Every structure is written in C-alpha cells, then in structure tokens.
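The residues making up each chain are set out below.
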Amino acid sequence: MPARPGTVATVSTDAPVPGPWSRAARGAGLLGDDGSLRPSIFAEMSALAAATGSINLGQGFPDYDGPPEVLEAARQAIADGINQYPPGLGMPVLRNAIARHQQRFYDQLVDPDREVLVTAGATEAIAASLLALLEPGDEVVMLEPYYDSYAALTALAGARAVTVPLDPRGFTPDLDQLAAAVTDRTRVILLNSPHNPTGTVLDRTTLELIVELANRHDAYIISDEVYEHLLFAQPHVPIATLPGAAERTITISSGGKTFSATGWKIGWLLAPPAIRDAILAVKQFLTFVNGAPFQPAIAIGLDLPDAYFADVAASLARRCGLLSAGLQSAGFSVSAPAGGYFIVADAAPLGYDDAVAFCRALPDLAGVVAIPLTAFVQPERVGAYRSLVRFAFCKRDEVLDDAVSRLTRLRSASGR
Ligand code: PMP
Ligand code: GLN
C-alpha cells in the first residue's frame, strides 16, 4: 500500500499480518490493523513539514540553542573523554545538581544517592515507572488530552487508561469527575502540569484533591513536570511537596525543555528509595544508561543563576503572546496557556471543523505544520476537541512572524 503523500511510509506493505512477535505492540494498539507501523503524530507531522518545506509548529522543540555554558560543558566533557557508559543511577555530579535544584527552587529535600534516577529523557522515566508499577488490569487515571506516550505505555503494561477530560472551554478538570475516576482499581494517577498540549497549570486545590485521592485509594502519583520552569506568571509547585504526597509520588523532569536541548535526552525522576529501586530494576533493561557527556552539562545548567530560569520563562511568555495575537488576527480563537510550549487554536471560526483534515491540508494551504488535538485523546472522545489544533511557539520571533503572515492567508482562502 503506498503511503499517503506527505506522510511517513509504513514498514509493512502487503505482508501477511505479522506473527506472535508483534502481539504486545498490536495488543496495545500501537500498530495499524494490518500490522503496519503507525508513526507517532510528532514523527508524521515533522516528516510532513520536511517534505513540504513548511514551518514546523507541530513537534515541540526550540529552533534556538540553550545557554552557551551548557553547550560548552558538553563539548568539554567529550574532549575530556567522558564518552563511556556512565553509572546506572546517573553521574553523581548530575544527581547532586538535581538535589540542589529541588532544594533551591522548591525547598524539597532529596537524597541524591537513594531518591534520584537519571533517565533517557522524561520519556524513559515515564515508561520505566509505568512498567515497574503497573500490573495487568490496573487502572491509570490521566487527564485528557494526554501526552501520547502515557496511553501507549499504559497499554503496553497491560493496564487500562481512565481519562478525565479537560473542558475545552478552559482546559481545567471537573473535580467531581476526577474524584469519581479514582477507585481502588487505580494504581497510578498520572499528572502533567504545566500540561502538554493545553498549557494548563493545575491549581493547589486540584493538587490537594489528587493527593487525598491517592492516599484514600492507595495509588501512586506520577507527576510529569518537564515544563516546570516554563510557567509565565506563577511559581511551579511540585505535587511531591504537598503534605501526604512524598511517600507515593514519582516526580519526572527533563533537561530538554529547561535548557532547550531536547535532542540530548537527559531526564530524571525523584522517588522514595524503594520505588526508585523498583523503577531502576526496569530502567536498567531499557537503556541501561545514556548521554554521558550531556550529564555534567545539564548539571552546570541546573546550577545557573536564578536570572537564567526567569529569562527562559519570560522569553517563552513573549513568544506565546506573539503567536497568540497572530493566530487571533488570522481568525482563530485561541486558548490562554499558563505555561509550556503550546497554544491551542480553534479552526472552526475559519470554517474548518475537522482538525485532522485541516492539519493535513495546512502545508498546502499556508506552508505551516501543526498538530490536531485529537491526537491526544481517545477515539470516543474526539468530538469535543474536533476542530482544535496545537501550535508550538518555542520558535524564533522571525519564524513565528513568518508563520503568522502565512496563516493570515487562510482567511482569504476561506472567504470569512
Ligand atoms: N512529557 C511531556 C509532557 C512532554 O511534552 C515531553 C516531550 N516534549 C516529554 C514528556 C518527553 O520528554 P523528553 O524529550 O525529555 O523525553
Ligand atoms: N514532546 C514533544 C511534543 O509534544 C515531542 C516529543 C516527541 O516527538 N516524541 O511535541
């Protein structure tokens, strides 16, 4: 079967449905009905951007470099011969810097030897945590829309995702629905704040409710905080610092976002010692270790002065403002993210009700790539998010300006 124009070619073509080797991936819904690879939405849309020469506001990566000291530290580490396997827990210099960082920003005391694990990006931290904690049949409660790997890994672990929808009008959860979703079958409550794709930051009341529910039902909390330094107007509150949370919470972050180095894949998790060790037991057979020369570099980053962290947030807030104003002038209605890399725009006012079709056509219509929000929801929930599109604003000003002027063509094309 030929690939649709502009999409990633599939690996399997007319071959018979693959045999038992693919049972886990098929069972988890990660393959197409014919057993073919289904590229992630990020891979599909970045390939579409490359194939059409469009501006890529789809996949969330900055098109600018992070702090020069951090880049230089990686170069120096390579020159100094830090090129072999680092220790399984992560290099002490990085684990110590992570512990100092938690104390400095959040007053959180973390033992760098017993409570920290360095991972291949936040992605591996999420995967190893879910594989370590879940048993078949367990339930994982997560906000919907959700980062795509949450549902995939939950399914691979043989568990079931139970989703709590964020109301498309303000992208906040209904607390009664949240409370009803957590039961004694819940093994993990999986949060993400600041949230991808909506930019929602969960307020203290919601965090407190989650801690109470986790305690009542003896569930773990996995808190994906990769955008912890990318909040526009308020300080970040790690849920692990709330009373009653620390002993059951796994906090996940990544140097990729804070230091604009998504390709380095240096992430980490913080957890009480017994939980950390259970996750390590899995992680050592996933990647074992990764990124030796990048680990001391991210350590340098975590020790940068406060001004660096304030500037990162302020510059993203400015970029968000630029894209938000531009999208509105192009005729979209837009959300108001409180942090992160992304803004959600509604294409319905321009006459496009189906975000998937709209995103596939957007390179031709305007030379821009974006991601349909439906990629982050279960098929039965698509309705509420049908015309919504995620745009990344972690791009240089001139790129955002260019994208906006291209998008303004849509209004004349749609005649609205
Ligand atoms: N969680 C969220 C919410 C993300 O947006 C991303 C990717 N940007 C990740 C995890 C993965 O992070 P990493 O690139 O460090 O694996
Ligand atoms: N987290 C990034 C995003 O949401 C992409 C990561 C990926 O490509 N897997 O765009």
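Up top is the structure these notes are about.
Note that this is a predicted model, so its numbers are computed, not measured. (Residues numbered from 1 in each chain as written. Chains lettered and ligands numbered in written order. Predicted model: local features only at pLDDT ≥ 70, side-chain atom pairs only at ≥ 80, totals over all residues. Heavy atoms only, no water.)

A. Representation of the overall build of the protein within the structure. In terms of regular secondary structure, the protein is built from 16 helices and 13 strands. For 416 residues, the compact-globule estimate of 2.2 N^0.38 gives 22 Å, and the C-alpha radius of gyration of the protein, at 21 Å, lies within 12% of that figure. Along the longest, intermediate and shortest principal axes, the C-alpha atoms of the protein span 60 × 45 × 45 Å. Counting across all 416 residues of the protein, residues that qualify as buried make up 55%. Within the protein, contacts between residues separated by at least 24 positions form 74% of all contacts whose residues are at least 6 apart in sequence. (Helix = DSSP H or I, 4+ residues; strand = E, 2+ residues; numbered from the N terminus. Rg over C-alpha atoms; globule rule 2.2 N^0.38 Å. Buried < 20%, exposed > 50% of the residue type's maximum accessible area, 1.4 Å probe, protein only. Contact = heavy atoms within 4.5 Å.)

B. Seen up close, the sheet that holds strand 8 (residues 266–270). Pairing is mixed in the open sheet, where seven strands are placed in the order 2-8-7-6-5-3-4. Pairing within the sheet leaves two strands with one partner each, and these edge strands are strand 2 (116–120) and strand 4 (160–165). Across the sheet, the axes of successive neighbouring strands diverge by a mean angle of 25°, strand direction being ignored. When strand 3 (residues 139–144) meets strand 5 (residues 186–192), the two strands line up parallel, connected through four bridges. Directly across from V141, in strand 5, lies its bridge partner I189. Helix 8 (residues 204–216) contacts strand 5 and strand 6 (220–224) of the sheet and is inclined by roughly 165° relative to strand 5. Each of strand 2, strand 6, strand 7 (249–254) and strand 8 touches helix 10 (residues 273–283); the most contacted strand, strand 2, lies at about 25° to it. (Pairing = 2+ DSSP bridges. Axes fitted to C-alpha atoms, helices over the stretch in contact; angles between N-to-C directions.)

C. Structural context of the packing of aromatic side chains. Applying the stated criterion to the full structure yields 17 aromatic pairs. The interplanar angle of 70° and the centroid separation of 6.1 Å between the aromatic rings of F332 and F358 together place this pair among those described as edge-to-face. Taken as a pair, F332 in the loop between helix 12 (306–329) and strand 9 (333–334) and F358 in helix 13 (residues 355–366) lie far apart in primary sequence, 26 residues in all. Residue F358 is classed as buried on the basis of its relative accessible area, which comes to 1%. An aromatic cluster of at least three residues, connected via ring pairs, comprises F105, Y106, F259, Y308 and F309. Positioned above the aromatic ring of F61 is the side chain of K395, whose terminal nitrogen or guanidinium carbon lies 3.7 Å from the ring centre. (Phe/Tyr/Trp six-rings, centres within 6.5 Å; stacked < 30°, edge-to-face > 60°. Lys NZ or Arg CZ within 6 Å of the ring centre and 35° of its normal.)

D. Examining the packing of helix 3 (residues 68–79) against helix 11 (residues 294–302) more closely. The contact between helix 3 and helix 11 brings their axes to 8 Å, and the two run at 150°. As summarised for this structure, helix 3 and helix 11 are arranged roughly antiparallel, according to the angle between their axes. As helix 3 runs across helix 11, the sense of the crossing is right-handed. Listed contacts from helix 11 to E69, V70, A73, A74 and A77 of helix 3 are F294, P296, A297, I300 and G301. Of the residues belonging to the contact of helix 3 with helix 11, the class tally is eight nonpolar, one polar and one charged. (Parallel < 35°, antiparallel > 145°, perpendicular 65-115°, else oblique. Left-handed = near helix turned anticlockwise from the far one by under 90°. Nonpolar A, V, L, I, M, F, W, Y, C, P; charged D, E, K, R; others polar.)

E. Structural view of the site of ligand 2. Near ligand 2 the following residues occur: F42, Q59, G60, Y147, N196, K257, F342 and R390. Measuring from an oxygen atom of ligand 2, one finds a backbone N or O atom of G60 at 2.6 Å. Take R390: an N or O atom from its side chain is 2.7 Å from an oxygen atom of ligand 2. Protein coverage of the free-state accessible area of ligand 2, which is 300 Å², stands at 78%. (Near = heavy atom within 4 Å. Polar contact = N/O pair within 3.5 Å; in protein donor to acceptor, adjacent residues only side chain to side chain. Areas by Shrake-Rupley, 256 points an atom, 1.4 Å probe, with all protein chains shown as cover.)

F. Spatial organisation of helix 8. Helix length check: helix 8, at 13 residues, gives a terminal C-alpha distance of 18 Å against a target of 18 Å (1.5 Å per residue), a fit within 8%. Listing the buried residues of helix 8 in full gives T206, L207, L209, I210, V211, L213 and A214. Those residues of helix 8 hidden inside the fold are in contact with helix 7 (175–181), strand 5 and strand 6. Just beyond helix 8, the residue with positive phi is D218, at close to 50°. (Expected span 1.5 Å × (residues − 1).)

G. View of the site of ligand 1. Near ligand 1, the surroundings consist of 14 residues, among which T123, D224, Y227, K257 and K265 are the closest. One nitrogen or oxygen atom from the side chain of N196 is found 2.8 Å from an oxygen atom belonging to ligand 1. Burial of ligand 1 by the protein chains amounts to 93% of its free accessible area of 390 Å². The element contributing the most residues to the shell around ligand 1 is helix 5 (residues 121–133), with four residues.

H. Representation of the pattern of salt bridges within the structure. Under the criterion given, the structure shown has 22 salt bridges. Note that D138 and R187 form a salt bridge whose closest N and O atoms lie 3.7 Å from each other. Separated by 49 residues along the polypeptide, D138 in the loop between helix 5 and strand 3 and R187 in strand 5 bring together distant segments of the chain. Taking the relative accessible area as the measure of exposure, D138 reaches 14% and is therefore buried. Taking the relative accessible area as the measure of exposure, R187 reaches 28% and is therefore partly exposed. Close ionic contact of R396 with E398 constitutes a salt bridge, the shortest N to O distance being 3.6 Å. Note on R396: relative accessible area 36%, which makes it partly exposed. (Salt bridge = Lys/Arg side-chain N within 4 Å of Asp/Glu carboxyl O.)

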